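# Per-entry structural report
Residue-level listing of the chains:
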Amino acid sequence: RTSRRDIHSDGIVGTLFVPDGPGPFPAVVMLEGAARIKEDLGAALSSKGFVVLVLAFFRQEGLPKDYSHVRVEYFERAIEMVQGLEFVQEGGVGVLGCSKGCDVSLSVASFLPVSKVRAVVTVNGGTTSVCGITTYGDTVIEEHGFREVFKPKPGLVDGSLDFLGAMKPLDEVPEECRIPIEKSEADIFMIAGEDDHNFESVQWAEAAWKNCQTFGKKNLSVKIYPGMGHALDAPFAPVATTIPHMMAPKGMRVYLGGADKMAASRSQLEGFHYIVQFFSSRL
């Protein structure tokens with residue numbers, strides 16, 4: 001069992017899930033690329049014994065309208081708030097980032113010490129600052145933007161468009177856009193779905209691993225899941241293969257991948273259990 005609390009304090013917006021019992025519990029801050037606060041996955045993770053803050057960072061009351069400028073200081077304040085809760089154990093927290101939340105979580109881990117961020121899991125996202133800049137103090141990570149010319153294809157689900165390949169290829173992205181993951185002391189686990197049609201997540205995760213190897217860093221691991229599309233939802237939840245999106249014309253949806261729902265469901269379930277094991281062993 002877990003209890004739910006709305007958080008709207010000191011500019012921090014989200015939903016907090018707390019397991020039953022006296023604690024103290026390890027804590028995870030969850031970051032999603034969706035405009036809504038994605039509570040199902042946070043609640044499922046909390047049921048495994050974690051305090052989970054599902055943290056909004058755009059398009060909610062009191063927050064920026066988009067993520068064109070991500071400020072790490074906001075996430076630092078949220079982490080400090082969670083660490084100050086009496087039922088949260090001492091030490092660094094975990095961060096779970098999905099989609100846009102992936103590159104945000106990597107930035108947070110790269111700039112903050114291990115006493116604040118101990119472990120990170122990313123799911124289907126970038127290792128650059130996707131679709132906007134990221135700052136911490138005077139440090140700026142420049143935007144990894146879209147190709148100048150791109151035309152989406154019809155998605156495998158009726159009424160959807162496939163935008164895979166819309167982002168500029170990594171080899172065309174300046175160094176100033178790359179997140180300095182090699183500076184992080186946190187343990188990092190990157191999940192990439194082979195059927196992700198939103199980002200080129202497998203290529204990006206493998207590039208991050210190679211870059212860390214170049215710097216002699218051994219704290220990043222990658223796991224690739226066959227059949228997994230872009231979305232990671234709670235175990236046994238229906239697989240999300242399309243979503244409404246501002247990039248799609250009115251009446252159309254963006255195709256995310258995961259059309260083989262049996263394979264996607266299996267990967268989603270296995271991925272969730274692996275996330276639980278990873279955080280349980282590090283926090």
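Right above here is the structure, for reference.
Residues numbered from 1 in each chain as written. Predicted model: local features only at pLDDT ≥ 70, side-chain atom pairs only at ≥ 80, totals over all residues. Heavy atoms only, no water.

### Remarks on the overall build of the protein chain
From N to C terminus, the protein chain includes five helices and 17 strands. The C-alpha atoms of the protein chain give 18 Å as radius of gyration, which agrees with the globular expectation for 283 residues (19 Å, within 12%). Summarising its shape, the C-alpha atoms of the protein chain cover approximately 55 × 40 × 35 Å along the three principal directions. Buried residues in the protein chain amount to 54% of all 283 residues. Intrachain contacts of the protein chain at a sequence separation of at least 6 include 73% that bridge at least 24 residues. Split by element, the accessible area of the protein chain, about 12700 Å² in all, is 52% carbon and sulfur. Side-chain charges in the protein chain split into 28 positive and 35 negative, and the spacing between the mean points of these groups amounts to 3 Å. (Helix = DSSP H or I, 4+ residues; strand = E, 2+ residues; numbered from the N terminus. Rg over C-alpha atoms; globule rule 2.2 N^0.38 Å. Buried < 20%, exposed > 50% of the residue type's maximum accessible area, 1.4 Å probe, protein only. Contact = heavy atoms within 4.5 Å. Areas by Shrake-Rupley, 256 points an atom, 1.4 Å probe, with all protein chains shown as cover. Lys, Arg positive; Asp, Glu negative; His and termini not counted. Charge placed at Lys NZ, Arg CZ, Asp CG, Glu CD.)

### Brief notes about the packing of aromatic side chains
This structure, assessed with the given rule, holds twelve aromatic pairs. Grouped by ring-pair contacts, the aromatic residues F50, F189, Y274, F278 and F279 constitute a single cluster. Lying over the aromatic face of Y225, K223 brings its terminal NZ or CZ to 5.4 Å of the ring centre. (Phe/Tyr/Trp six-rings, centres within 6.5 Å; stacked < 30°, edge-to-face > 60°. Lys NZ or Arg CZ within 6 Å of the ring centre and 35° of its normal.)

### Some points on the sheet that holds strand β3 (residues 27-31)
Sheet architecture is open: eight strands sit in the order β1-β2-β4-β3-β6-β7-β14-β15, paired in mixed fashion. Either end of the sheet is taken by a strand with one partner, and the two such strands are β1 (2-9) and β15 (220-225). For this sheet, the mean inter-axis angle between neighbouring strands, taken without regard to orientation, is 20°. When β3 meets strand β4 (residues 51-55), the two strands line up parallel, connected through five bridges. In the strand pairing of β4, M30 is matched with V54. Of the strands in this sheet, β14 (187-193) and β15 touch helix α4 (residues 201-214), which is tilted by about 160° from β15. Packed on one face of the sheet, helix α5 (residues 261-282) meets β3, β6 (93-98), β7 (117-123), β14 and β15 and runs near 170° to β7. (Pairing = 2+ DSSP bridges. Axes fitted to C-alpha atoms, helices over the stretch in contact; angles between N-to-C directions.)

### What about the pattern of salt bridges?
All told, the structure shown has 15 salt bridges when counted by the stated rule. Salt bridges linked by common partners bring R4, D6 and E39 together as one network. (Salt bridge = Lys/Arg side-chain N within 4 Å of Asp/Glu carboxyl O.)

### A few points about the sheet that holds strand β10 (residues 139-141)
One open sheet holds the three strands; their spatial order is β5-β9-β10, and the pairing between them is mixed. Every other strand in the sheet has two partners, leaving β5 (69-71) and β10 as the edge strands with one partner each. The average undirected angle you get between the axes of adjacent strands in this sheet is 20°.

### Brief notes about the side chain of E32
In this fold, E32 is placed in the loop between β3 and α1 (39-46). Under the relative-accessibility criterion, E32 is labelled buried at 10%. Among the polar contacts made by the side chain of E32, one reaches the side chain of K38 at a distance of 3.5 Å. In this view, E32 contacts K38, F57, F58, C98, G101 and L232; residues no more than four positions away in its chain are not counted. (Polar contact = N/O pair within 3.5 Å; in protein donor to acceptor, adjacent residues only side chain to side chain.)

### Some remarks on α1
Every buried residue of α1 is accounted for by L41, G42, A44, L45 and S46. In this structure, the buried side of α1 is in contact with β1, β2 (12-19), β3, β4, β6 and α5.

### What to know about α5
Across its 22 residues, α5 extends 31 Å between first and last C-alpha, which sits within 8% of the 32 Å expected from 1.5 Å per residue. What α5 keeps buried is the set A263, A264, S267, Q268, G271, F272, I275, V276, F278 and F279. Where α5 is buried, its residues meet β3, α1, β6, β7, β14 and β15. (Expected span 1.5 Å × (residues − 1).)

### Points about the state of the cysteines
Applying the stated criterion across every chain yields a total of zero disulfides. No disulfide involves C102; its sulfur sits 8.3 Å from that of C98, the nearest cysteine. C131 carries a free sulfur, and the closest cysteine sulfur to it, the one in C177, is 11 Å from it. (Disulfide = S-S within 2.5 Å.)

### Topic: the pairing of β7
By the criterion of burial, β7 is predominantly enclosed, with six of the seven residues buried. Pairing analysis gives six bridges linking β6 to β7, with the strands arranged parallel. Bridge pairing in β7 links C98 to V123. In the classification by handedness, the crossover that spans β6, the intervening helix α3 (residues 100-111) and the parallel β7 is right-handed. (Right-handed = clockwise from strand over helix to strand, strands pointing away.)

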